[in-house]
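If you want the building blocks of each chain, they are given just below.
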Amino acid sequence: PLSHTSAGAEQNGSVFKTVGIIVQGPPVKGIFRDAECLVWALTAESPRANSKTHARISIFYTLNYALLDQIIDHGPSNCMDHQNGDRYCAISEKMSEDDSQILQPHTVSHGTRIDKWMEGLDVVIVLESALQNVFRLAQSLHVRKCVLVLNMDWADPSQLLSMVASVPQLELWTKGAAAHEIIQKLIPRPGRVRLVPWSIPDPVVRTKDAYSDQVKRFLFVAGRGGFRSRRGADIVLEAYRICTDRMRKKGV
C-alpha cells in the first residue's frame, strides 16, 4: 500500500516519500520484529521489473506507547512524572545498534520531539496500539496517511470505530485473511481496511538435520494464547500427547 510502481505516480502525488514508524521498546518485543519487517519491505528492491519503493524511512523510538500517547494529550511540548519516579517527555529515545541493526540506522536523533519529527512526514505507522492522540497530532500536522498495524489480541472494536471516524486518513492493516474479514465487517468502509501479508526478512532454512538421540524436545511460545487461540496451544498439546503415546508403544 505504500509502494508505487507506475511511471506517473510521483507526478500525480501518489508517492509517499517519507514514512515514519513509531517503535516501542524493549527490543525483545514483537513490535521490534514487525518494524524490521516493514523497513526491510520498504527498502528492498521489488521483485517486479523496473520497480522500487520511493520512501525514506524514519524511526521514532519510544520506551512506552501508552505514556507517549498520554503526554501528547497534554501537549507534545510537555513532560509527565511517572509513578516510578521517572520523568517522561514526548521525545525519541536512544537506540543502539545492538538493539536492531535494521532499525538503528533509520532512527531519528535522540531527544527529537514527536511533533517536530512528524513535520514533513507523508505517512505515520504505529504497530499494535491504537494511539488516538498520536494519530490526531499527525492529522493536525497534515500527515497524508496514518496506519495502524493491528494485533487482534489488543484490538478494541469501539476504539477502532472512534478512530476511523475521527481520523479520515487512518488505515487499518491486518496481517491475515481471518482478521481481515472480521475487521472489514466491523468497518465496511472502502479503503480503510487493508490486508497486508506479513513475512519475516530472514533466509529460509530449507534443510535441517534431525536429532539422532532418543530425546524429543518441544518448545512452544504461547504468550497469552492469542486472538481466538490463534497460537494453537490446544493443537500443540494434542500433538505432544500423540507423540508420547507413539513413543511409549515403541518402548522409548
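Residues numbered from 1 in each chain as written. Predicted model: local features only at pLDDT ≥ 70, side-chain atom pairs only at ≥ 80, totals over all residues. Heavy atoms only, no water.

**Q** Just checking my understanding: could you explain the state of the cysteines for this structure?
**A** Such a bond, covalent and formed between the sulfur atoms of two cysteines, is termed a disulfide. Applying the stated criterion across every chain yields a total of one disulfide. Between the sulfur atoms of Cys79 and its disulfide mate Cys89 the distance is 1.9 Å. Between Cys79 and Cys89 the sulfur-sulfur dihedral comes to about 100°; the bridge is accordingly right-handed. With a gap of 10 residues between them, Cys79 in strand S3 (residues 79-81) and Cys89 in strand S4 (residues 87-89) connect regions that are remote in the sequence. (Disulfide = S-S within 2.5 Å. Helix = DSSP H or I, 4+ residues; strand = E, 2+ residues; numbered from the N terminus.)

**Q** What should I look at first to understand the sheet that holds strand S5 (residues 123-127) in this one?
**A** Two orientations exist for strands paired in a sheet by backbone hydrogen bonds: parallel and antiparallel. What the six strands build is an open sheet, ordered S2-S1-S5-S6-S7-S8; its pairing is parallel. Each edge of the open sheet is held by one strand with a lone partner, namely strand S2 (56-62) and strand S8 (193-195). Taken pair by pair, the neighbouring strands of this sheet meet at an average axis angle of 25°, ignoring direction. Where strand S1 (residues 18-24) meets S5, four bridges bridge the pair, whose relative direction is parallel. When the bridges of S5 are listed, Gly20 appears paired with Val124. Of the strands in this sheet, strand S6 (145-149) and strand S7 (170-174) are in contact with helix H5 (residues 157-166), which crosses S7 at around 140°. (Pairing = 2+ DSSP bridges. Axes fitted to C-alpha atoms, helices over the stretch in contact; angles between N-to-C directions. Contact = heavy atoms within 4.5 Å.)

**Q** Sorry if this is basic, but what is going on with the packing of aromatic side chains here?
**A** What describes a pair of aromatic rings is the distance from one ring centre to the other and the angle between the planes of the rings. The full count for this structure, using the stated rule, is two aromatic pairs. Taking 5.2 Å as the distance between ring centres and 45° as the angle between the ring planes, the aromatic pair formed by Phe60 and Trp117 counts as tilted. One end of the pair, Phe60, is in strand S2; the other, Trp117, is in helix H3 (residues 114-118), and 57 residues separate them in sequence. Judged by its relative accessible area of 0%, Phe60 falls in the buried class. (Phe/Tyr/Trp six-rings, centres within 6.5 Å; stacked < 30°, edge-to-face > 60°. Buried < 20%, exposed > 50% of the residue type's maximum accessible area, 1.4 Å probe, protein only.)

So far we have only geometry, and geometry alone does not tell us how the molecule works.
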